[in-house]
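Next come the chains, spelled out residue by residue.
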Amino acid sequence: MTEDEARQSIEARYGVSRGTRLARFAEMLRDAAATHNLVAPSTLDQIWSRHIMDSAQLLDLATDDRAWLDVGSGAGLPGLVIACLQDAPVELVEPRRLRTEFLASVVYDLSLSNVDIVTAKVERTTGIVGVIAARAVGSLDQLFTMGRHRADLSTVWVLPKGRNAHSEVEAARVYWQGSFHVERSVTAEDSFIVVAHGVRPK
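What you are looking at is a predicted structure, and each value in this text was computed from that prediction instead of being measured.

1. Quick word on the overall build of the chain
Summing up its helical and strand segments, the chain has seven helices and seven strands in all. Helices and strands appear in the chain in the N-to-C order α-α-α-β-α-β-α-β-β-α-β-α-β-β. Scaling as 2.2 N^0.38, a compact globule of 202 residues should have a C-alpha radius of gyration of about 17 Å, and the chain matches this with 16 Å. If you line up the chain on its principal axes, its C-alpha atoms span 45 × 35 × 30 Å. When burial is assessed residue by residue, the chain has 50% of its 202 residues classed as buried. When contacts within the chain are restricted to residue pairs at least 6 apart in sequence, long-range pairs at least 24 apart make up 67% of them. One way to put it: in the chain the 22 positive side-chain charges average out to a point 5 Å from where the 26 negative ones average out.

As structure tokens, this is what we get:
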């Protein structure tokens with residue numbers, strides 16, 4: 001998928017105005033990447049296909065209109081993309097202040113009234129949410145341990161993973177029960193997304 005194809009696909013589905021907002025986010029991400037170490041430099045020319053589309057696809061896997069929680073939001077992936085594409089509340093939790101300062105600058109620039117930014121580890125936050133997402137933040141077992149207090153049995157977990165998604169699910173099943181499903185990512189054949197429902201300790 002090329003950059004143009006990724007942007008056109010998102011604009012066809014969500015509208016040009018939301019695509020324009022994401023284009024501004026991509027611009028700010030490129031500008032800040034060097035000083036904030038937000039994404040791998042090798043992916044800066046593929047922001048739409050590697051990062052924005054990769055985040056946007058999560059909406060198809062969690063249609064709940066309750067609040068989203070993005071654990072370890074970093075550059076705002078997937079949380080800021082989700083916030084640009086729909087109107088439900090999105091909470092960005094990130095412990096590093098330099099990164100939350102970047103997130104705050106994007107939220108202000110894009111006038112995203114549905115975003116709340118918290119500078120903290122997720123373990124220090126409270127409140128049940130409808131969807132929990134996390135990108136490149138530890139194993140499934142670690143994520144469930146860190147975030148279980150933010151979930152109830154109706155919460156959907158949508159967790160992008162690499163090629164080891166299936167083995168991570170099997171490892172997590174030792175300590176956790178629930179419904180676990182693995183979906184192939186639309187952006188890379190060797191990447192997968194774990195979708196989990198009803199997650200609770202054994």
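After that view of the structure, there is still more to cover.
2. Side note on the sheet that holds strand E5 (residues 156-161)
In space, the seven strands of this open sheet follow the order E3-E2-E1-E4-E5-E7-E6, with mixed pairing throughout. Since the sheet does not close on itself, it has two edges, and those belong to strand E3 (115-118) and strand E6 (176-184), each with one partner. Here the strands of the sheet are splayed against their neighbours by 20° on average, with no regard to which way each runs. Here four bridges tie strand E1 (residues 68-71) to strand E2 (residues 90-93), and the two strands are oriented parallel to one another. The partner of Trp68 across the bridge, within E2, is Val90. Along the sheet, helix H7 (residues 165-172) makes contact with E5, E6 and strand E7 (192-201), crossing E6 at roughly 175°.

Parameters and conventions
- Residues numbered from 1 in each chain as written.
- Predicted model: local features only at pLDDT ≥ 70, side-chain atom pairs only at ≥ 80, totals over all residues.
- Heavy atoms only, no water.
- Helix = DSSP H or I, 4+ residues; strand = E, 2+ residues; numbered from the N terminus.
- Rg over C-alpha atoms; globule rule 2.2 N^0.38 Å.
- Buried < 20%, exposed > 50% of the residue type's maximum accessible area, 1.4 Å probe, protein only.
- Contact = heavy atoms within 4.5 Å.
- Lys, Arg positive; Asp, Glu negative; His and termini not counted.
- Charge placed at Lys NZ, Arg CZ, Asp CG, Glu CD.
- Pairing = 2+ DSSP bridges.
- Axes fitted to C-alpha atoms, helices over the stretch in contact; angles between N-to-C directions.

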